[in-house]
Each structure stands twice: as structure tokens, then as C-alpha cells.
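Structure at a glance
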Amino acid sequence: MSAVEKEPAEAANTRFAKDQLKAFVERIERLEEEKKTISEDIRDVYAESKGNGFDVKALRTIVRLRKVDVDERKEHEAILETYLLALGMLG
């Protein structure tokens, strides 16, 4: 293949890479916007729960704990209880 024949193929590859990169960036931007909207929705739900008399800090803790595996959570709770007992913070 001569240098003249390689040039269009290289240009096509460069154009493909450029288009692919642009598509990735646009997808990330869309997802970032969706993430922002979802974060705002979550914030609204916490505000609503607070308006109904619920403790937001406790709700956040519950949501975080529900993400953790049951066995792992029990292990953490046992360690916490042991430490609290050692410090005289539990009856």
C-alpha cells in the first residue's frame, strides 16, 4: 500500500476514534445530569421525611446499613457492642 492509499484509511480511523470519544463524553455528561437529578430527588425525599417528623440522620444510617450484607453488619454490630462495653458505655 502506498502512502497515498494509507492516508484515507488513517483519516477514517482518526474520525472513528474522534466520534467514539465524543460519544463517550456525551454519555458521561448525560449520566452526570441524571445523577444530579436523582441526588436532588433523594434530598427532597429526606426533606419530606423530616417534615413528617422522621429523623433524617437515622434514616441515612438505616439506608447505609441496608446496603451491607447481613452477616457483615452483624459482625460490625458485635464489634461495636464489644467496644462500647469495654468503654463502659453500655449497661
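A short tour of the structure in this document, coming up. Here the residue index of a chain counts from 1 through its sequence in written order. A pLDDT threshold of at least 70 governs which residues receive local features in this predicted model, and a stricter bar of 80 or more applies before side-chain atom pairs are shown or counted, although totals over entire chains, interfaces and linings include all residues. Side-chain numbers here rest on the full set of heavy atoms in the structure, without hydrogens or water.

1. Some details on the overall build of the chain
Every helix listed is a DSSP run of H or I at least four residues long, and every strand listed is a run of E at least two residues long, numbered separately from the N terminus. Helix and strand counts for the chain stand at 3 helices and 0 strands. The secondary structure elements of the chain, listed N-terminal to C-terminal, are α-α-α. Both definitions apply: the radius of gyration is a C-alpha atom measure, and the globule rule equals 2.2 Å times residues to the power 0.38. Computed over its C-alpha atoms, the radius of gyration of the chain comes to 27 Å, more than 25% above the 12 Å expected for a compact globule of 91 residues. Taking the principal axes of its C-alpha atoms as reference, the chain extends roughly 85 × 35 × 20 Å. Looking at the chain residue by residue over its 91 residues, the buried ones come to 3%. Any residue under 20% of the maximum accessible area for its type is buried, any over 50% is exposed, and the rest in between are partly exposed; the area is computed with a 1.4 Å probe on protein chains only.

2. Points about a negative patch on the surface
Patch definition: residues above 30% relative accessible area lacking any salt bridge, with like charges linked at up to 9 Å and the nonpolar side chains Val, Leu, Ile, Met, Phe, Trp and Tyr linked at up to 5 Å. Reported accessibility uses the Shrake-Rupley method at a 1.4 Å probe radius. Residues are deemed covered only where the shown protein chains occlude them. By definition here, a salt bridge exists when the distance from a side-chain nitrogen of Lys or Arg to a carboxyl oxygen of Asp or Glu is within 4 Å. Charged residues are defined here as Lys and Arg on the positive side and Asp and Glu on the negative side; His and the ends of the chain fall outside this count. By convention, charge coordinates are those of NZ in Lys, CZ in Arg, CG in Asp, or CD in Glu. The grouping of Glu-33, Glu-34, Glu-40, Asp-41, Asp-44 and Glu-48 at the surface amounts to a negative patch. Counting through the fold element by element, Glu-48 comes out in helix α1 (residues 3–51).

3. What to know about the packing of aromatic side chains
Working definition: a ring pair exists when centres of Phe, Tyr or Trp rings (six-membered ring for Trp) sit within 6.5 Å. Plane angles under 30 degrees give stacked, over 60 give edge-to-face, the rest tilted. A full pass over the atoms with the stated rule returns 0 aromatic pairs. Geometrically, a charge over a ring is one whose NZ (Lys) or CZ (Arg) sits within 6 Å of the ring centre while staying within 35 degrees of the ring normal. Seen from the ring of Tyr-46, Arg-60 lies directly overhead, with NZ or CZ sitting 4.0 Å from the centre.

4. Observations regarding helix α3 (residues 70–86)
Because each turn of an α-helix spans 3.6 residues, side chains separated by three or four positions end up pointing in the same direction. Here the expected span of a helix is defined as 1.5 Å times the quantity of residues minus one. Taking 1.5 Å per residue as the helical rise, α3 with its 17 residues ought to reach 24 Å, and the 24 Å between its terminal C-alpha atoms agrees with that figure. Where α3 starts, the residue carrying a side-chain oxygen 3.3 Å from the main-chain nitrogen of Asp-71 turns out to be Asp-69. Count one or two residues on from α3 and you reach Gly-88, which has phi positive near 70°. Definition of a polar contact: a pair of N or O atoms within 3.5 Å, with one able to donate and the other able to accept a hydrogen when the atoms are protein atoms, and with sequence-neighbouring residues admitted only if both atoms are side-chain atoms.

5. Section: the side chain of Ser-49
Within the fold, Ser-49 resides in helix α1. In what follows, a contact means two residues having at least one pair of non-hydrogen atoms within 4.5 Å. In this structure, Ser-49 is in contact with Phe-54, Val-56 and Leu-59, ignoring residues within four places of it in sequence.

6. Considering the pattern of salt bridges
Working definition: two side chains of opposite charge can pair if their charged atoms are close together. Inspection of every chain in the model, using the stated rule, returns 2 salt bridges. Where Lys-35 meets Glu-32, a salt bridge forms, and the shortest distance between an N and an O atom there is 3.4 Å. Here Glu-32 and Lys-35 lie together in helix α1, a separation of 3 residues that amounts to about one turn. Exposure remark for Glu-32: the relative accessible area of 43% places this residue in the partly exposed category. Glu-77 is paired through a salt bridge with Arg-73; the nearest N and O atoms lie 3.9 Å apart. Residue Glu-77 and its partner Arg-73 are both found in helix α3; the two are separated by 4 residues, about one turn of the helix.

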